[in-house]
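Close look at the chain arrangement
The primary structure of each chain is shown beneath.
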Amino acid sequence: MVSGRLVPVIGCRCGIAPPSLLLAVAERGDAAARDAALRTLLTSAALRSRRATLSVTLRRFGLSPADVAFLPAQAPAAGPDNTVYDVAGGDEAALPGRRVRGTTDPPSGDPAVDEAFDGAASTAAFYREVFGRDSIDGRGLDLVSSVHFGQRYDNAFWNGDQMVYGDGGGGVFVAGGLTRSPDVIAHELTHGVTQFSAGLAYRGQSGALNESFSDVFGALVTQRARGQDARAASWLIGEGILEPSLGRALRSMIAPGTAYAGDDQPADMDAYVDLPADDDPRNDDGGVHVNSGIPNRAFAEAARTLGGRAWETVGPVWYEVLTGGRLRPTADFAACAALTVTVAGERYGEGSAQQDAVRGGWEAVKVRLPADPR
Ligand SMILES: [Zn+2]
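Residues numbered from 1 in each chain as written. Predicted model: local features only at pLDDT ≥ 70, side-chain atom pairs only at ≥ 80, totals over all residues. Heavy atoms only, no water.

The subject of this paragraph is the pattern of salt bridges. Applying the stated criterion across every chain yields a total of 13 salt bridges. A salt bridge links aspartate 105 to arginine 99; its shortest N-O distance comes to 3.9 Å. Note that arginine 326 and glutamate 346 form a salt bridge whose closest N and O atoms lie 2.8 Å from each other. Taken together, the residues span a long stretch of sequence, with arginine 326 in the loop between α11 (315-323) and α12 (333-348) and glutamate 346 in helix α12 at a distance of 20 residues. On the basis of relative accessible area, arginine 326 is assigned to the partly exposed category, the value being 37%. One continuous salt-bridge network, built from bridges that share partners, spans Glu211, Asp215 and Arg251. (Salt bridge = Lys/Arg side-chain N within 4 Å of Asp/Glu carboxyl O. Helix = DSSP H or I, 4+ residues; strand = E, 2+ residues; numbered from the N terminus. Buried < 20%, exposed > 50% of the residue type's maximum accessible area, 1.4 Å probe, protein only.)

So, in structure tokens, the structure goes:
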């Protein structure tokens, strides 16, 4: 449960009871009164699309979205506000740029704008429909994206507040490629999810885990959109958006190190790349985009072992690990691995096929696990 001051609930024109009263009853009444008051509060919040109010109230009372199945269906179907800006070649000082498309606007006709819009919407829908998460922060945070960043800028990033996309075309990505790939968009937005949950420090192994969680949920957004079985999925991130002479994708989760010529991702701990977490860009904050191949492959192996829909098998285990409050910001691979085994046991049972698959995934990449008690 969340302590501290409750964010005020704004009055509803359609109700006669002031929200402050409902809150007081919910907090101090007996069980029946508490349930009735909560139901009223949450239903009106949902009806008015007050998603932030809804999630604040849920957390205040230690409830999950599954506990409020009585809510009208339109509330979960609604998403956060989604706005795309055109920064027209400008740099960070020019962000977010000119507003081009808002939540209810029709397509703009600019592919970058419309792809960024659709990718943000589908990522938010994934988190909402699969995990009951209300936007990136779990509290209905508005989604803001800016496109046409910089000149032939070959990257996309989450800057702590919003998504930013370059146009590519600088020699790494095909022009327009960065917004064309739904797993790249979901990858970047998942950095926001991580920022608001486990807060994994962006250096060394915790940074590689931060990168890996973004690839995991990036891949799952794409697989779910395609209705793909874990055994049929490519497990490629950013497929088809690199200049073709470089290779087929940015990363391969199932076969790290094979996505493009010069791909330096190790496939297991024997090949772990020990880099200093300094300011030299070649060292990649201690190899965050390099060693992320190791946890990436652990996930992909576990999902392939089980088959079926990875977002319903291993995905929920990784989601609980990322957002459940137990993964420390400085966690290393071993700590994360141990927690996934624990969570798989809690969710599916000790010794379940799912737990064995998770354990097998980490064993495949040679990350040391606590001894199996069996
Ligand atoms: Zn990233």
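On we go from here.
Take the nonpolar core next. In terms of nonpolar packing, the biggest core is built from 71 residues, with Phe213, Phe217, Trp235, Phe299, Trp318, Leu327 and Trp362 touching the most fellow members. At 9 residues, helix α5 (residues 111-131) tops the list of elements feeding residues into this core. Shared between two domains, this core takes at least three residues from each, and those domains are domain 2 (79-180) and domain 3 (204-364). Residues Val87, Leu95, Phe149 and Val164 belong to the second largest nonpolar core, which totals 5 residues. (Core = buried A, V, L, I, M, F, W, Y, C linked by side-chain atoms within 4.5 Å. Domains from an automatic or database assignment.)

As a packed pair, helix α8 (residues 204-226) and α11 sit with axes 11 Å apart at the nearest point and diverge in direction by 140 degrees. The angle between α8 and α11 places the two elements in the oblique class. When the axes of α8 and α11 are compared, the crossing they make is left-handed. Of α11, the residues touching α8 (which contributes Phe213, Val216, Phe217 and Leu220) are Gly315, Trp318, Tyr319, Val321 and Leu322. Among the residues making up the contact of α8 with α11, the classes are represented as 8 nonpolar, 1 polar and no charged. (Axes fitted to C-alpha atoms, helices over the stretch in contact; angles between N-to-C directions. Parallel < 35°, antiparallel > 145°, perpendicular 65-115°, else oblique. Left-handed = near helix turned anticlockwise from the far one by under 90°. Contact = heavy atoms within 4.5 Å. Nonpolar A, V, L, I, M, F, W, Y, C, P; charged D, E, K, R; others polar.)

Attention shifts here to the pairing of strand β3 (residues 143-149). With 6 of 7 residues buried, β3 lies mostly within the body of the structure. When strand β1 (residues 82-86) meets β3, the two strands line up parallel, connected through 5 bridges. Bridge assignment links threonine 83 to a residue of β3, and that residue is valine 144. Note that β3 and strand β5 (residues 163-166) share 3 bridges and pair parallel. Bridging across to β5, serine 145 finds its partner in methionine 163. (Pairing = 2+ DSSP bridges.)

The next point concerns the packing of aromatic side chains. Under the counting rule described, the total for this entry stands at 15 aromatic pairs. Taking the centre distance of 5.9 Å and the plane angle of 90 degrees together, the rings of phenylalanine 131 and phenylalanine 217 count as edge-to-face. Of this pair, phenylalanine 131 sits in helix α5 while phenylalanine 217 is found in helix α8, placing the two residues 86 residues apart along the sequence. Relative accessible area serves as the criterion here: at 15%, phenylalanine 131 is assigned to the buried category. When the ring of phenylalanine 299 is compared with that of tryptophan 318, the centres are 5.0 Å apart and the planes differ by 80 degrees; the resulting orientation is edge-to-face. Linking phenylalanine 299 in helix α10 (residues 293-306) with tryptophan 318 in helix α11, this pair joins segments that are 19 residues apart in sequence. For phenylalanine 299, a relative accessible area of 0% corresponds to the buried category. The exposure class of tryptophan 318 is buried, given its relative accessible area of 2%. (Phe/Tyr/Trp six-rings, centres within 6.5 Å; stacked < 30°, edge-to-face > 60°.)

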